Amino acid sequence: MNGRPVIDMRGIVTRFGANVVHDGIDLSVTRGEVVALVGGSGTGKTTLLRHIIGLTRPAAGDVSIFGAPLFSGSINEQRTRRRRFGVLFQHGALFSALNVAENIGFPLRELRIASKDEIHNLVALKLAMVELEPATALLMPAELSGGMIKRVALARALALEPELLLLDEPTAGLDPDRSAAFVELVRSLQNQLGLTVVLVTHDVDTLAALATKIAVLADRRIVSYASLEETMEVDHPFIDRFFRGPHGRRALARSGGDH
Ligand SMILES: Nc1ncnc2c1ncn2[C@@H]1O[C@H](COP(=O)(O)OP(=O)(O)OP(=O)(O)O)[C@@H](O)[C@H]1O
């Protein structure tokens, strides 16, 4: 399986009415990679994530994950494939009427694959994994700070022990310290668990710390798909603004890259 991409998208075209968002996108993600999707507002980064998990279907093109077309096979095969990825949605998207433990245990309960005791133990394990106190389990989402919400959402995304983790703006809304701590947590979990990660981010610090490859969306396509160093060499107005503007330069200097 090592040579086979975890995600393979070919010829993706996305339209919302007259709005053509993607026009021929190819993207292949190999096991163990951390791919950052970057691009201006409205370039279709979140929509591309939604195509990968089958929440939105493209007008044309093919999406395969784990070596099989997204909607192929029996309902059972699709369900099994579904269990192999976890998603952290923008702003965490916790269920506000459920406490932390119920939120984290939700995917397990939904699939009816674990007993009450097993769920209780797994929730404790996932809370420790995202470095939250056991007592957090009984809090409601409204009682959590922004950083805690992200950690609970991450614990829920990891509940089914996925191989692929999708993160939509994981550090948006966090102050620089909390953002750096969350990035460090994702990096350490990615390492420990050997995860393949695709993340959408506007934050150069986040991608400089995490990404092995960067896919730049512009002009309805992926205009560059390469390491940070190689991306920096690409001549494109968005890349110029994003990486060579004052914020980008400061972030890259902090990450230790001499770009
Ligand atoms: N369900 C939908 N119906 C109609 N238009 C949509 C829908 N979802 C997305 N769009 C449009 O598709 C385009 C891409 O949206 P998307 O949210 O994927 O962009 P993005 O790159 O993630 O943006 P941002 O960085 O601002 O979050 C936008 O013009 C958006 O208005």
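My aim in this report is to walk through the structure given alongside it, one point at a time.

Parameters and conventions
Per-chain numbering applies: the sequence of each chain, read as written, is numbered from 1 onward. Residues qualify for local features only when their pLDDT is at least 70, as the model is predicted, and side-chain atom pairs are given and counted only at 80 or more; totals for whole chains, interfaces and linings, by contrast, use all residues. Note that water and hydrogens are dropped before the side-chain values are worked out from all heavy atoms of the structure. Strands were regarded as paired on the criterion that DSSP finds at least two bridges between them. Secondary structure counts use DSSP, requiring at least four H or I residues in a row for a helix and at least two E residues in a row for a strand, with both numbered from the N terminus. For each residue, the test is whether any non-hydrogen atom lies within 4 Å of the molecule or strand; if one does, the residue is near. Whenever a nitrogen or oxygen atom comes within 3.5 Å of another N or O atom, the pair is scored as a polar contact, on the condition that within protein one atom can donate a hydrogen and the other can accept it, and that pairs from neighbouring residues in sequence are kept only if both atoms are in side chains. Exposure was quantified through the Shrake-Rupley algorithm and a 1.4 Å probe, taking into account, for residues, occlusion by the shown protein chains and nothing else. Each residue after the first adds 1.5 Å to the expected span of a helix. Any residue under 20% of the maximum accessible area for its type is buried, any over 50% is exposed, and the rest in between are partly exposed; the area is computed with a 1.4 Å probe on protein chains only. Directions are taken from the helix axis to each C-beta atom, and the arc is the one they span. Any Lys or Arg side-chain nitrogen located within 4 Å of an Asp or Glu carboxyl oxygen qualifies as a salt bridge. What makes a nonpolar core is a set of buried Ala, Val, Leu, Ile, Met, Phe, Trp, Tyr and Cys residues whose side-chain atoms join them at distances within 4.5 Å. Here a residue-residue contact requires only that any non-hydrogen atoms of the pair lie within 4.5 Å. Every angle, taken between N-to-C directions, lies between 0 and 180 degrees, and every axis is a line fitted to C-alpha atoms, over only the stretch in contact when it is a helix.

1. Comments concerning the pairing of strand β4 (residues 60-65)
Right, on to step 1. Of the strand pairs in this sheet, strand β1 (residues 7-16) and β4 are connected by five bridges, and their pairing is antiparallel. Note on β4: the bridge partner recorded for V13 is A60.
Right, on to step 2. As judged from the two bridges shared by β4 and strand β5 (residues 68-69), these two strands associate in the antiparallel manner. Paired with S64 across the bridge in β5 is P69.
Right, on to step 3. From the end of β4 to the start of β5, which pair antiparallel, there are two residues, and F66 there has a positive phi angle of about 50°.

2. A look at the site of the ligand
Right, on to step 1. The local shell around the ligand consists of F16, N19, V21, G40, S41, G42, T43, G44, K45, T46, T47 and H202.
Right, on to step 2. In the environment of the ligand, an oxygen atom lies 2.9 Å from a nitrogen or oxygen atom belonging to the backbone of G44.
Right, on to step 3. One nitrogen or oxygen atom from the side chain of H202 is found 3.0 Å from an oxygen atom belonging to the ligand.
Right, on to step 4. Relative to its unbound accessible surface of 640 Å², the ligand loses 58% to contact with the protein.
Right, on to step 5. Elements with a minimum of two residues in the shell around the ligand: β2 (19-29) and α1 (45-52).

3. Observations regarding helix α6 (residues 176-193)
Right, on to step 1. Over its 18 residues, α6 runs 25 Å from end to end, which matches the ideal 26 Å to within 8%, given 1.5 Å per residue.
Right, on to step 2. Taken residue by residue, α6 has S179, F182, V183, L185, V186, L189 and Q190 as its buried positions. Along the long axis of α6, the arc covered by the buried residues comes to 155°, so they all point the same way. In α6, the exposed positions angled more than 90 degrees off the buried face are occupied by P176, D177, N191 and Q192.
Right, on to step 3. Phi turns positive one or two residues past the end of α6, at G194, with a value near 60°.

4. Some details on helix α4 (residues 116-129)
Right, on to step 1. The end-to-end C-alpha separation of α4 is 20 Å, in line with the 20 Å expected for 14 residues at 1.5 Å each.
Right, on to step 2. Listing the buried residues of α4 in full gives I119, V123, K126 and L127. Angular distribution of buried residues about the axis of α4 spans 100°; they occupy a single face of the element. Among the exposed residues of α4, those oriented more than 90 degrees off its buried face are D117, N121 and A128.
Right, on to step 3. Within two residues after α4, E131 carries a phi angle of roughly 60°, on the positive side.

5. As for the pattern of salt bridges
Right, on to step 1. Scanning the entire structure with this criterion turns up nine salt bridges.
Right, on to step 2. Residue E163 pairs with R31 through a salt bridge whose shortest N-O separation is 3.5 Å. Of this pair, E163 sits in the loop between α5 (146-157) and β7 (164-168) while R31 sits in the loop between β2 and β3 (34-39), and the two are 132 residues apart along the sequence.
Right, on to step 3. Note that E131 is salt-bridged to R151, the shortest N-O span being 3.6 Å. Of this pair, E131 sits in the loop between α4 and α5 while R151 sits in helix α5, and the two are 20 residues apart along the sequence.
Right, on to step 4. For E131, a relative accessible area of 55% gives the class exposed.
Right, on to step 5. With a relative accessible area of 12%, R151 lands in the buried category.
Right, on to step 6. It is possible to trace a salt-bridge network through shared partners that takes in D8, R10 and D26.

6. Some words on the nonpolar core
Right, on to step 1. Counting residues in each nonpolar core, the largest one holds 47 residues, and the members touching the most others are L154, L165, L167, L207, I214, L228 and F243.
Right, on to step 2. The contact partners of L165, leaving out residues within four places of it in the chain, are G86, L154, A157, L158, L195, T196, V197 and V198.
Right, on to step 3. Counting 26 residues, the second largest nonpolar core, distinct from the first, contains M9, L37, I65 and L164.

7. Quick word on the sheet that holds β7
Right, on to step 1. Across the sheet, six strands lie side by side as β6-β7-β8-β3-β9-β10; this open sheet has mixed pairing. At either margin of the open sheet sits one strand with a lone partner, and together these are β6 (85-88) and β10 (221-226). Neighbour to neighbour, the strand axes of the sheet diverge by 15° on average, direction disregarded.
Right, on to step 2. Here β7 pairs with strand β8 (residues 196-200) via five bridges, running parallel. Across the sheet, residue L167 finds its bridge partner in β8, namely L199.
Right, on to step 3. On top of the sheet, α5 reaches β6 and β7; it is set at about 165° to β6, its chief contact.

Bear in mind that shape data such as this cannot, by itself, settle questions of function.
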